[in-house]
Amino acid sequence: MGFEYSGILGIIILILDIWAILQIIKGGGSTGSKLLWILIILLLPVIGLIIWLVAGRNRL
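Residues numbered from 1 in each chain as written. Predicted model: local features only at pLDDT ≥ 70, side-chain atom pairs only at ≥ 80, totals over all residues. Heavy atoms only, no water.

Student: Can you explain the overall build of the protein? Please cite residues and give values.
Tutor: Along the protein, the regular secondary structure elements total 3 helices and 0 strands. Seen in sequence order, the protein has helices and strands lined up from the N terminus as α-α-α. Relative to its full complement of 60 residues, the protein shows a buried share of 22%. In the protein, of all internal contacts separated by at least 6 residues, the share reaching a separation of at least 24 is 46%. Within the structure as shown, the protein displays about 4500 Å² of accessible surface, and the carbon and sulfur contribution to it stands at 75%. (Helix = DSSP H or I, 4+ residues; strand = E, 2+ residues; numbered from the N terminus. Buried < 20%, exposed > 50% of the residue type's maximum accessible area, 1.4 Å probe, protein only. Contact = heavy atoms within 4.5 Å. Areas by Shrake-Rupley, 256 points an atom, 1.4 Å probe, with all protein chains shown as cover.)

Here is the structure:
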């Protein structure tokens, strides 16, 4: 039963990460900052997403 919930949670995190990466790409920031945010989200999917939502979303 725990496996089913972790699978669903993983899919939700994947969808949110893809959404965040698309928002970063569409944003008006510099190429370097976009690349840095994308790398952070790819390397730290959950924590990177939270950090981007709190600190980076309005800056790009």
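Student: Break down the environment of Ile 24 for me, with residues and values.
Tutor: Looking at the secondary structure, you find Ile 24 in helix 1 (residues 2–26). The spatial distance from the C-alpha of Ile 24 to the C-alpha of Lys 34 is 6.0 Å, given a sequence separation of 10 residues.

Student: Help me get a handle on the packing of aromatic side chains, residues and values and all.
Tutor: Across all of its chains, the model carries 1 aromatic pair by this definition. Centroid distance Trp 19 to Trp 52: 5.8 Å. Interplanar angle 75°. Geometry classified as edge-to-face. Of this pair, Trp 19 sits in helix 1 while Trp 52 sits in helix 3 (residues 45–56), and the two are 33 residues apart along the sequence. (Phe/Tyr/Trp six-rings, centres within 6.5 Å; stacked < 30°, edge-to-face > 60°.)

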